[in-house]
Structure formats: C-alpha cells, structure tokens
Amino acid sequence: MVFILTLEKRLIYKNMKNVVILHGTGETKDSFWFPWLTKELEKQGYSVSLPQLPDTDHPDIKTWLPVALKETYTPETILIGHSAGGPLQLSVLENINVKIKQAILVAGYARPKSDDPQPEPILQDTYNWEKIKDNVDDLIFINSDNDPWGCNDVEGRFMLDNIGKGKLIIMKGEGHMGSDKFKQPFKEFPFLLRLID
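In short, a report on the structure. (Residues numbered from 1 in each chain as written. Predicted model: local features only at pLDDT ≥ 70, side-chain atom pairs only at ≥ 80, totals over all residues. Heavy atoms only, no water.)

## Re the packing of helix α3 (residues 61-69) against helix α4 (residues 85-95)
Logical step 1: It is at 10 Å that the axes of α3 and α4 come closest, and there the two elements cross at 60 degrees. With respect to each other, α3 and α4 are oriented oblique. Here α3 runs over α4; the crossing is right-handed. In contact with I61, W64, L65, A68 and L69 of α3, α4 contributes L88, S91, V92 and N95.
Logical step 2: Of the residues in the contact of α3 with α4, the class split is seven nonpolar, two polar and no charged. (Axes fitted to C-alpha atoms, helices over the stretch in contact; angles between N-to-C directions. Helix = DSSP H or I, 4+ residues; strand = E, 2+ residues; numbered from the N terminus. Parallel < 35°, antiparallel > 145°, perpendicular 65-115°, else oblique. Left-handed = near helix turned anticlockwise from the far one by under 90°. Contact = heavy atoms within 4.5 Å. Nonpolar A, V, L, I, M, F, W, Y, C, P; charged D, E, K, R; others polar.)

Right under this line is the structure:
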C-alpha cells in the first residue's frame, strides 16, 4: 500500500505544472513583480514556489544552491530568476538530473559585472554550458539595454552564445526590471507572463 501511494505521488509530481522563482540580491518573495506573477500563475493552475534564499544581501552559490536544489524539478517545471537569481538558475540547471520545460533569466548574468577584482560569490568559476543546455527545453534571456547594475543585453548575449540555444529579448530602456536603489518598482510584468509556456 505504501508503495502505491509513493508511486501515485511520483506520478502527480511528474505531471505537476510548477514554477520556481529565484530572487536576486536583497530581494524577498514580496519584491517587485514576484507577488503579482505568483498570483497570476496560480490563477492559471500552476504551483508556485519562491524560496527565501539565505543572507540575501550577500548571495553565495555555496549557500544559495543547496536551498534551490531542494525545490521540485520535473519535465513540467518552469524556472524563473531575477538578477543574482540568474547565475543561480544556471547552477541549478547544471546540477539537476531532469530536463525541465523552461527557464527564463531576467536581468541575469554569468560573469563579473565590473572590473572590480572582488569575486562575486554567486558566480561559479566555470559553467558546464552543455549540461545546462541539455537540462532545459526552452531558454529565454531577458536583459535591458540600460541595466544600471551591468546585467545588460551584452550579458544576455554572452550566456546565449555559450549555451548555444535559446532566445535573447532585449528590453529597451527598462533598466534592471526591479531595483530599489534605482527606483524601479516594476510591480507587474505582463510581458514575462506571456512568455511562460
């Protein structure tokens, strides 16, 4: 009897439409467009998870990745990340053993954003681009042409070129698509909702 329940549970998880949203530096589940997007996706029948990552002001792959990997990833999963959630998404895709449906990186990046010699602990030294590519069906990079943090269209192109598949959408004049410091509240993101498959 226990085996049957476990098997049924696995089948439910395998077919579950779920979205995992990974926030960026200094963010919470209540930041920017996250509450709006969560509500809109739940209306469409998605199960949405937005884990609170530890020490949010100091993103570190060593502490953030274990939390992100505790989420449920299935062939129906959609993975969305903002800012420092972008490099975290790449690390998740490199470390899961399932091909997910879609990944959308909003203002993501995969290399240091400035000439500052201080390392960015959220970044891996290298990425296994081939494994990342193999673990997602549809990959979308959304970067702005004027991101004040440097997570711009050049970074989107860098990731797209290294992975070798996906789409780069360049938002004109949209900044970081959510930033307290630069007064970009970005409370809703209808364009992002339309991209979710």
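Next comes the rest of the write-up.
## A short note on the nonpolar core
Note that soluble globular proteins tend to have their nonpolar side chains buried in a common cluster.
Logical step 1: Membership of the largest hydrophobic core comes to 59 residues, with the highest contact counts inside it found for W33, L37, I80 and L88.
Logical step 2: In this structure, L88 is in contact with L22, L53, I61, W64, L65, A68 and I122, ignoring residues within four places of it in sequence. (Core = buried A, V, L, I, M, F, W, Y, C linked by side-chain atoms within 4.5 Å. Buried < 20%, exposed > 50% of the residue type's maximum accessible area, 1.4 Å probe, protein only.)

## So, the sheet that holds strand β2 (residues 47-49)
Logical step 1: Within the open sheet, the six strands sit side by side as β2-β1-β3-β4-β5-β6. Their pairing is parallel. A strand with exactly one partner marks an edge of an open sheet, and here the two such strands are β2 and β6 (167-171). Strand after strand, the sheet turns through a mean of 15 degrees between neighbouring axes, direction not considered.
Logical step 2: Across five bridges, strand β3 (residues 77-82) lies against strand β4 (residues 100-106) in parallel orientation. Residue pairing across strands places H82 opposite V106, the latter belonging to β4.
Logical step 3: Against the sheet, helix α6 (residues 153-163) touches β4, β5 (136-144) and β6, its axis set at about 160 degrees to β5. (Pairing = 2+ DSSP bridges.)

## Some details on the layout of surface pockets
Logical step 1: Looking at the largest pocket, its volume works out to about 550 Å³.
Logical step 2: Around the largest pocket sit 27 residues that line it, and T25, P59, S83, K113 and W149 are the ones nearest its centre.
Logical step 3: Partitioned by chemical class, the residues of the lining of the largest pocket number ten nonpolar, ten polar and seven charged. (1 Å grid on protein atoms, 1.4 Å probe; cavity = no way out; pocket = protein on both sides within 12 Å on 5 of 7 lines; lining within 4 Å. Points joined across faces, edges and corners; volume = space filled by probe spheres on them.)

## A closer look at helix α2 (residues 34-43)
Logical step 1: Where α2 is concerned, the buried positions are F34, W36, L37, T38, E40 and L41.
Logical step 2: Those residues of α2 that are buried lie in contact with β1 (18-22), β2, β3 and α7 (190-195).
Logical step 3: Note on α2: the residue one or two positions beyond its end, G45, has a positive phi of about 95 degrees.

## Brief notes about the environment of L65
Logical step 1: In this fold, L65 is placed in helix α3.
Logical step 2: Judged by relative accessible area, L65 falls into the buried class, the value being 13%.
Logical step 3: For the pair L65 and F158, spaced 93 residues apart in sequence, the C-alpha separation works out to 22 Å.

## Considering the pairing of β1
Each regular strand carries side chains that alternate between the two faces of the sheet.
Logical step 1: For β1, the buried fraction is high: five of the five residues fall into the buried class.
Logical step 2: Pairing geometry for β1 and β2, over three bridges, is parallel. Bridged to V20 within β2 is S49.
Logical step 3: In this fold, β1 hands off to α2, which returns the chain to β2; that crossover is right-handed. (Right-handed = clockwise from strand over helix to strand, strands pointing away.)

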